Amino acid sequence: MTGAATVVPYAEAIDRYEPVIGLETHVELGTVTKMFCGCPASFGAEPNAAVCPVCLGLPGSLPVANRAAIEYTIRIGLALNCSVASWCRFARKNYFYPDMPKDYQISQYDEPLCTDGWLDIAVDGAGFRIGIERVHLEEDTGKSLHVGGATGRIHGADYSLVDYNRAGIPLVEVVTKPVPGTGALAPVVARAYVTELRDVLRALRVSDVRMEEGSLRCDVNTSLAPPGAEWGTRTETKNVNSLRSVERAVRSEIERQAAVLDAGRRVVQETRHFHEDSGLTTPGRSKEEAQDYRYFPEPDLVPVAPSADWVEQLRATLPELPSASRARLQAEWGLSDLDMTALSNAGALDLVADTVAAGASPADARKWWLGELSRHANDAGTELAALPVTPAQVARIAGLVASGALTDRLARQVLDGVLAGQGDPDEIVAARGLAVVSDEATLLAAVDAAIAASPRPRSSTTIWIWAAAGGWRRCPR
Ligand SMILES: [Zn+2]
């Protein structure tokens, strides 16, 4: 071989090797206060304004666990079909980063709050049950800002700033079991899992699950091995921060690891960084083993022992989960599996549901979101949900068409106005005089005015008018 390839085309890689994936997802909980102190857990305050001796790790300060965070974690565990521990402890995870003021993180180690569940997902009509290893509770770190370098990383930076506002915000980690058997679908399965998990968390109202703001962060584990062989060495691609990147990160690791294995070399167990621009990963630090963290039970906190009664109360308050609401909507709307997949893939399901709830017919709601609005989203390079139009406004436009007040063409103009920030549909109709005139007397007066204003009307001209109820009619002149 003249200079081993650094990547193998995806189809070839999948021909020769079987991937096993695993996902570790961190979710910042939307509690009012932090995990172990009373500081606000909100986003966007002045740097180092939302801190106190506890979350700064000052000597003599003592943590107290946030009951709401424990409740949220149990709800997540229940929604993911996990068992909830009747007794468990927090653990100290020792490692040293400037954004971690205590120089250890309070986490959970061998006694997680929730274990052994699953989440079902569907990809291209095929169902996959993703095993959930554990759901545990910990605290987030602060944030470092490296100033002066080209990349925003510490290498090449002139100096670094640290903001501890995020330190101590409750963080739940959801860890899957290894997922074998996905074959070529591995990247899509990874993305579908994170999407479904995000939707479950959103339905539970435990987090705002904004990947772009970091309240949902994903580490993607990938390994490759020849068919039938033992699983290969996995790499962990850190902090992949969009759904699309989850898919690309798995794909890129499969292509890279196949080249390593083809060359007869070993895949190194390490963390890797995903680069949005190139779609490639580069090595980070070599992966720590558990013993590097010197875990031990957190001596400053009492054990967590949720009573069976409390857990059952929480189970009873679980909302309808996304898979159940999809099945219900599909039946109510009379859609095929294919139609539902199209809605999900377009990110339009919630939007259509909200538009129907605002009064539009399911058919109209689908037509607007999958048609005109998808086109606008494509043109703008954004997602449907990010368009500056609400489901209620879409429902109003659909209603104006249904009542005959607007034609489809005029309705599209009204929609353009809404998207351009010119106001609600009714305001735009009024401002632009866009409404269809269907009153016959008004129409005839307009025809008379047009004829009178015309310099030389030809006597043989036949004038047709559109009457809303009666279709085209010859003008009675
Ligand atoms: Zn604090």
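Structure: see above.
These numbers were taken from a predicted model, which means no experiment stands behind them.

Novice: Quick question: what am I supposed to make of the overall build of the protein here?
Specialist: Scanning the protein for helices and strands turns up 14 helices and 16 strands. Principal-axis analysis of the C-alpha atoms places the extent of the protein at approximately 100 × 60 × 50 Å. Here the protein holds 477 residues, and 44% of them are scored as buried. When the accessible surface of the protein is summed, it comes to about 24,200 Å², and 53% of that surface belongs to carbon and sulfur atoms.

Novice: Sorry, what's going on with the nonpolar core here?
Specialist: In summary, soluble globular proteins display a tendency toward joint burial of nonpolar side chains. One finds I76, L80, V135, V174, Y193, V194 and V246 to be the most contacted residues of the largest nonpolar core, which totals 74 residues. Those residues in contact with V135 that lie beyond four places of it in its chain are T73, I76, G77, L80, C82, P112, L113, C114, V172, E173 and V174. L335, M340, V394 and V418 belong to the second-largest nonpolar core, a separate cluster that totals 34 residues.

Novice: I'm lost on the coordination of the zinc ion in this one. Help?
Specialist: Think of it this way: four donors in a tetrahedron around the metal ideally sit 109.5 degrees apart, and six in an octahedron ideally sit 90 or 180 degrees apart. Around the zinc ion, the protein contributes the donor atoms C37 (SG), C39 (SG), C52 (SG) and C55 (SG), at 2.3 to 2.4 Å from the metal centre. With 4 donor atoms in place around the zinc ion and angles of 99 to 116° between them, the coordination shape is tetrahedral. Between the donor residues of the zinc ion, the gaps in sequence give the motif C-x1-C-x12-C-x2-C. Residue C37 is located in the loop between β1 (18-28) and α2 (67-79), and its partner C55 is located in the loop between β1 and α2; the two are separated by 18 residues in the primary sequence. Assigned by exposure class, C37 and C55 land together as buried.

Novice: Can you help me understand the pattern of salt bridges in this one?
Specialist: When the charged atoms of two side chains with opposite charge come close together, those side chains can pair. Counted by the stated rule, this structure contains 32 salt bridges. Note that D300 and R92 form a salt bridge whose closest N and O atoms lie 3.4 Å from each other. Here D300, found in the loop between β14 (296-297) and α5 (308-316), pairs with R92, found in strand β3 (residues 91-94); they are 208 residues apart in sequence, far enough to count as distant. Owing to a relative accessible area of 32%, D300 belongs among the partly exposed residues under this scheme. R198 is the salt-bridge partner of D199, the closest N and O atoms lying 3.2 Å from each other.

Novice: I'm lost on the state of the cysteines in this one. Help?
Specialist: Here, the word disulfide means a covalent bond between the sulfur atoms of two cysteines. Evaluated as defined, the whole model comprises 0 disulfides. Counting only cysteine sulfurs, C82 is the nearest neighbor of C114, a cysteine outside any disulfide, at a range of 5.6 Å.

Novice: Explain helix α10 (residues 372-380) to me, please; I cannot follow it from the model alone.
Specialist: Listing the buried residues of α10 in full gives E372, L373, S374, H376 and A377. Looking at the buried positions of α10, the neighbouring elements they touch are α9 (362-370), α11 (391-402) and α12 (408-419).

Novice: Help me understand the packing of aromatic side chains, please; the structure alone is not making it clear to me.
Specialist: For any pair of aromatic rings, the description consists of the separation of the ring centres together with the inter-plane angle of the planes. For the coordinates displayed, the defined rule picks out 5 aromatic pairs. Relative to Y293, the ring of Y95 lies with its centre 5.5 Å away and its plane at 65°, an arrangement referred to as edge-to-face. In this pair, Y95 is assigned in the loop between β3 and β4 (104-107) and Y293 in the loop between β13 (281-286) and β14, connecting sequence segments 198 residues apart. This pair shows no difference in class: Y95 is buried, exactly as Y293 is. Seen in terms of ring centroids, Y109 and Y295 are 3.9 Å apart; in terms of plane orientation they differ by 5°. Their pairing is stacked. In this pair, Y109 is assigned in the loop between β4 and β5 (114-123) and Y295 in the loop between β13 and β14, connecting sequence segments 186 residues apart. Members of the aromatic cluster, connected to one another through ring pairs, are Y95, Y97, Y109, Y293 and Y295. Above the face of the Y293 ring, K93 is positioned so that its terminal group lies 4.4 Å from the ring centre.

Novice: What should I look at first to understand the pairing of strand β10 (residues 216-225) in this one?
Specialist: For a regular strand, the rule is simple: side chains alternate between the two faces of the sheet. Burial analysis of β10 places 10 of its 10 residues in the buried class, the great majority of the element. Alternating residues of β10 divide into L216, C218, V220, T222 and L224 and R217, D219, N221, S223 and A225, and every residue in both groups is buried. Relative to β10, β1 runs antiparallel, the two being bridged by 10 bridges. When the bridges of β10 are listed, P19 appears paired with L224. Pairing geometry for β10 and strand β11 (residues 235-240), over 4 bridges, is antiparallel. Bridge pairing links C218 to V240 in β11.

Novice: How should I be thinking about helix α13 (residues 425-432) in this particular structure?
Specialist: In an α-helix there are 3.6 residues to a turn, and that puts residues three or four apart on one side. Residues of α13 that are buried include every one of P425, I428 and V429, and no others. Take α13 and look down its axis: the buried residues cluster within an arc of 100°, on one side only. Turned more than 90 degrees away from the buried face of α13, the exposed residues are A430 and A431. Directly beyond the C-terminal end of α13, a positive phi value near 60° is found at G433.

Novice: So what exactly am I meant to see when it comes to the sheet that holds β4 here?
Specialist: Across the sheet, 3 strands lie side by side as β4-β3-β14; this open sheet has antiparallel pairing. Looking along the sheet, the strands with just one partner apiece sit at the ends: β4 and β14. Pairing of β3 with β14 involves 2 bridges; the strand directions are antiparallel. Counterpart to R92 in the pairing with β14 is F296.

Here is what the cut-offs are and how they apply
- Residues numbered from 1 in each chain as written.
- Predicted model: local features only at pLDDT ≥ 70, side-chain atom pairs only at ≥ 80, totals over all residues.
- Heavy atoms only, no water.
- Helix = DSSP H or I, 4+ residues; strand = E, 2+ residues; numbered from the N terminus.
- Buried < 20%, exposed > 50% of the residue type's maximum accessible area, 1.4 Å probe, protein only.
- Areas by Shrake-Rupley, 256 points an atom, 1.4 Å probe, with all protein chains shown as cover.
- Core = buried A, V, L, I, M, F, W, Y, C linked by side-chain atoms within 4.5 Å.
- Contact = heavy atoms within 4.5 Å.
- Donors = N, O, S within 2.8 Å, 3.2 Å for Na, K, Ca; no water.
- Tetrahedral: all angles 85-135°; square planar, octahedral: opposite > 155°, others 65-115°.
- Salt bridge = Lys/Arg side-chain N within 4 Å of Asp/Glu carboxyl O.
- Disulfide = S-S within 2.5 Å.
- Phe/Tyr/Trp six-rings, centres within 6.5 Å; stacked < 30°, edge-to-face > 60°.
- Lys NZ or Arg CZ within 6 Å of the ring centre and 35° of its normal.
- Pairing = 2+ DSSP bridges.
- Arc of directions from axis to C-beta.

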